[in-house]
There are 2 protein chains.
Amino acid sequence: MPHHGNISFTPGATGLSLEPSPVTNEISKDKNVHVKPTARKFDHRFSAEGLSLAPTPLKDTVKTLDFAKMIPLGNGRPASEMLPWEELTMRVAKRDTGLMSCVKGESSFDLAVALDYGCSGGSTKLVDFLTEHVESIHHPPYSDWQTCLSIGSTSAIERALRLFCNRGDWILVEEYTYSGLITAGKTLGINMLAIEMDDGGLNANDLDAKLSAWGPEKGKKPFVLYTVPSGQNPTGKTQSVQRKRLIYEVAEKHDLYIVEDDPYYFLQHGNFSKGTSNLTAKEYQTHLPATYLSLDLSGRVLRLDSASKILAPGLRLGWVTGCAQVIGKFIEQADMSTLAASGPSQVMVHKLLCETWGHGGFMNWLFDLSLQYRKRRDTMSAACAKYLPSVCHWTLPAVGMFLWIKVDHTQLSSRSSPLALEEKICEELEGKGLMVGRGSWFWVGSESMNELCFRLTFAAAPQERLEQAIRILAEQILLYT
Amino acid sequence: MPHHGNISFTPGATGLSLEPSPVTNEISKDKNVHVKPTARKFDHRFSAEGLSLAPTPLKDTVKTLDFAKMIPLGNGRPASEMLPWEELTMRVAKRDTGLMSCVKGESSFDLAVALDYGCSGGSTKLVDFLTEHVESIHHPPYSDWQTCLSIGSTSAIERALRLFCNRGDWILVEEYTYSGLITAGKTLGINMLAIEMDDGGLNANDLDAKLSAWGPEKGKKPFVLYTVPSGQNPTGKTQSVQRKRLIYEVAEKHDLYIVEDDPYYFLQHGNFSKGTSNLTAKEYQTHLPATYLSLDLSGRVLRLDSASKILAPGLRLGWVTGCAQVIGKFIEQADMSTLAASGPSQVMVHKLLCETWGHGGFMNWLFDLSLQYRKRRDTMSAACAKYLPSVCHWTLPAVGMFLWIKVDHTQLSSRSSPLALEEKICEELEGKGLMVGRGSWFWVGSESMNELCFRLTFAAAPQERLEQAIRILAEQILLYT
């Protein structure tokens, strides 16, 4: 029998990712993680599809192998020399420490890895960083939580719905909610039970009342609560920590699963920056409010973070945090559909966050961004105060990118319905070069919408056009008074 | 009323994509497209979920607006100056015409667009290029076909299944098939009816016989046929054009919808390169065989192309082509889940294919790649001929990256079942540093697998290790003879 010698490769030579291992993240968590309680189990709560999810034999086999030492005739992945790109270089405007370059063979998360098939839950290095980030911001109070990447939060929402809901099931949502959720819910045949909102966001009492009054004649009792707690889309409202505690109590009482969709969380215009021109990123971080994840002793929260509002939407990247059982299912969903997030997107975030900024630099960026959003918010709200007629009502958002304007349509000269008025006014505004969000896009109340509302974002338009935009809006509404 | 002046922006200034228009691609098609027949309609074939898909009001509104002229208070997308990256530069090893740089404001598909939310069907420029590519390679014989991007073919398969199948439905597949399809099918509760294969791939007679014998007692008659026609995964078999015609006839007879998953199509080792050292990319293109899409008069084919095997799997990018009705649904599926493919991935492909290589350069690349795969295939098959014992049978693949080895287990000394043998041999091989694909990963036959098969890929390992790998495999099998 001929001797075949030792076999060993470097990643560049094989074109193989060195990352077939499952996502565990234990080293990125707090040292005391093991004295915390474990999450409850949700086996009885999964949908038919959720129950059918299972590890794939191929991927399961791959996980146990040390790839660096193998001759890979198993997986149909091209060797890295078969891929055209040799280098990817990124330049950043702010806080740049020079060009960030990514080539093949330079590190364990190199260009060969970025261009190859990767772990469906995300590249280990990036997931480790994000796990540390989640630990330092949210300190989840139970032990077996995990973080993995998503292909953006809209995809994460869809997955959560598929995991827990069969067609005909009910979920709980704010009466105005994210249009992407509405589309997914309608497509998946899921009914939405609208919960009232007050100035503090989702109303805990109405949530409790509707669940307590639920009878079996209405179908299976709702299990999933979808909420946008900070700078809510579309109303801009932010739940206080006290409100979150009340809602979490209702969730414990009625055994709810909370999908905490929180893409605006870091865009805090907050009190902390009032009159403190020397505020530091460290203080900014200290003042970040508690999230559902940080209150979650039972593991009943799936927190969705997104790169879209704080890095770039085109990356199609986010991260989700929840109990290991749900995150495991989440990765199995990716295994059978999208696989990993884009490698170039991952490596861009990795180079910037992990290799260049670090946690402190990332906080600096988020703090800077918050100050910019605060400036834009202040410009828009000053214009609102200056131009909008008295039939318009709004409150100053404390977080995020949306200002929500309610027009008292009973005071208008037109007798048309709010929906017809909205259509007419928006068409006229578009004719004048102004695009605003329509309240009806977000309405899920059981009755037809009896309010005239507009969602204005101060994120997209040039700062110097914000006043002009509000003036156009004001003039248009004035025509109806 | 104060005058508010003209409003106009450049994309860099607003951070807004200039691409809210729907994908139509008409200009990228053959001039005679309008004299071709239109596709049939599939309304009666959609699943409950497929029927529920609908355009979203928000996205519908956006489509009709000229964004460059608007003040955008409508969509929650950050202005481009809120995004950290300023430049992305790509270097390519082969056929490089210099560095490809992407900055904000440079062209209609610039960095601001790549980092922003984009059309769910893909960036217009890239989709136009791919539509031209599809027209020039496949000449679809009906008029209302469309091409759009996918997040890779595994995601496209999942979408096709969700679009046409409810839980409990049956689909038709080759008896050994892509493991990603098996996982998706199992999760979605879809039954797989295995069709026999012969040396020419999927057997048209068996397909016809099984459909003709289908009785209502078995459930709804299968509608979707999933097939990998070129260099099939895992068997490496390739259907001839004649075979495709026969199968298409069966599809017409029984009203089937064909999902043509063809990621290896361009990796032709083919006869055309036998002895012709001066073959050109032009001749390579001329010799590309007809596909299902090119035979599809009825619009009953969804062709899946993938960047994974010909550019890079980490891009998570592919393109799908089918009738406008199905592509419309496909984009609506993206609207409620993944949204667009990664902007950085899209811009990398755009810069390379559309702005640098062009169609001719892309063909050169594919031709070069084919020659490399041919060389690797020849190395592996020569080693097979040299080392493998006579209990092993294989045929030379004409396309793709897989060599399929069938071991006549009745001739082995062990009386274990093929599955037990496979497990034992593969574990031993892994212990010796060799990873091979297991036949059982791909088996969907109705009875338990009674063959011992291995899928070997010559894509991933370094060319110089292929012989060594086959020697290790041969030695291991020899221990059982």
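Residues numbered from 1 in each chain as written. Chains lettered and ligands numbered in written order. Predicted model: local features only at pLDDT ≥ 70, side-chain atom pairs only at ≥ 80, totals over all residues. Heavy atoms only, no water.

Looking at the sheet that holds strand S3 (residues 100-103) of chain B
Taken in spatial order, the four strands line up as S3(A)-S2(A)-S2(B)-S3(B) in an open sheet, and their pairing is antiparallel. Since the sheet does not close on itself, it has two edges, and those belong to strand S3 (100-103) of chain A together with S3 of chain B, each with one partner. Averaged over all neighbouring strand pairs, the angle between strand axes comes to 15 degrees, with direction disregarded. Where strand S2 (residues 85-92) of chain B meets S3 of chain B, four bridges bridge the pair, whose relative direction is antiparallel. Within S3 of chain B, the residue paired with Leu-88 of chain B across the bridge is Cys-102 of chain B. (Pairing = 2+ DSSP bridges. Helix = DSSP H or I, 4+ residues; strand = E, 2+ residues; numbered from the N terminus. Axes fitted to C-alpha atoms, helices over the stretch in contact; angles between N-to-C directions.)

A few points about the interface of chain A and chain B
Opposite the 118 residues of chain A that make contact, chain B presents 118 residues. Summing both sides of the interface, chain A and chain B together bury roughly 10,300 Å²; the carbon and sulfur share of this comes to 64%. Summed over the three residues of chain A that lose the most area to chain B, namely Leu-73, Met-82 and Trp-85 of chain A, the buried surface amounts to 9% of that side. Our count for the contact surface shared by chain A and chain B stands at six salt bridges. Partitioned by chemical class, the residues of the side of chain A that touches chain B number 65 nonpolar, 29 polar and 24 charged. (Contact = heavy atoms within 4.5 Å. Buried area = accessible area lost by both parts, 1.4 Å probe. Salt bridge = Lys/Arg side-chain N within 4 Å of Asp/Glu carboxyl O. Nonpolar A, V, L, I, M, F, W, Y, C, P; charged D, E, K, R; others polar.)

Observations regarding the relation of the copies chain A and chain B
Note on the identical chains: chain A maps onto chain B by a rotation of 180 degrees and an axial translation of 0.0 Å, with an RMSD of 0.0 Å. The symmetry that links the two subunits is that of a two-fold axis. It is Thr-89 of chain A whose C-alpha, among those of chain A, lies nearest the rotation axis, at 2.4 Å. Interface residue correspondence from chain A to chain B reaches 100%, placing this contact among same-surface, isologous pairings. (Least-squares fit on C-alpha atoms with pLDDT ≥ 70 in both.)

Thoughts on the side chain of Asp-206 of chain B
Residues and elements named next belong to chain B. Summarising the element assignment, Asp-206 is placed in helix H8 (residues 204-212). Within the structure, the side chain of Asp-206 is placed 2.9 Å from the backbone nitrogen of Glu-196, a separation counted as a polar contact. Leaving out residues up to four positions away in the same chain, Asp-206 has contacts with Ala-194, Ile-195 and Glu-196. (Polar contact = N/O pair within 3.5 Å; in protein donor to acceptor, adjacent residues only side chain to side chain.)

Description of the packing of aromatic side chains
For the coordinates displayed, the defined rule picks out 30 aromatic pairs over all chains. Ring geometry for Tyr-284 of chain B and Phe-367 of chain B: centres 5.5 Å apart, planes at 40 degrees, overall tilted. Placement of Tyr-284 of chain B in helix H10 (residues 281-287) and of Phe-367 of chain B in helix H13 (residues 343-387) is noted, with a sequence separation of 83 residues between them. Here the two residues Tyr-284 of chain B and Phe-367 of chain B agree in accessibility, since each one is buried. Members of the aromatic cluster, each reached through a chain of ring pairs, are Phe-42, Phe-46, Phe-164, Phe-223 and Tyr-257 of chain A. Its end group placed over the ring of Phe-330 of chain B, Arg-159 of chain B keeps NZ or CZ at 4.8 Å from the ring centre. The residue whose ring lies beneath Arg-303 of chain B is Tyr-265 of chain B, and the NZ or CZ to ring-centre distance is 4.9 Å. (Phe/Tyr/Trp six-rings, centres within 6.5 Å; stacked < 30°, edge-to-face > 60°. Buried < 20%, exposed > 50% of the residue type's maximum accessible area, 1.4 Å probe, protein only. Lys NZ or Arg CZ within 6 Å of the ring centre and 35° of its normal.)

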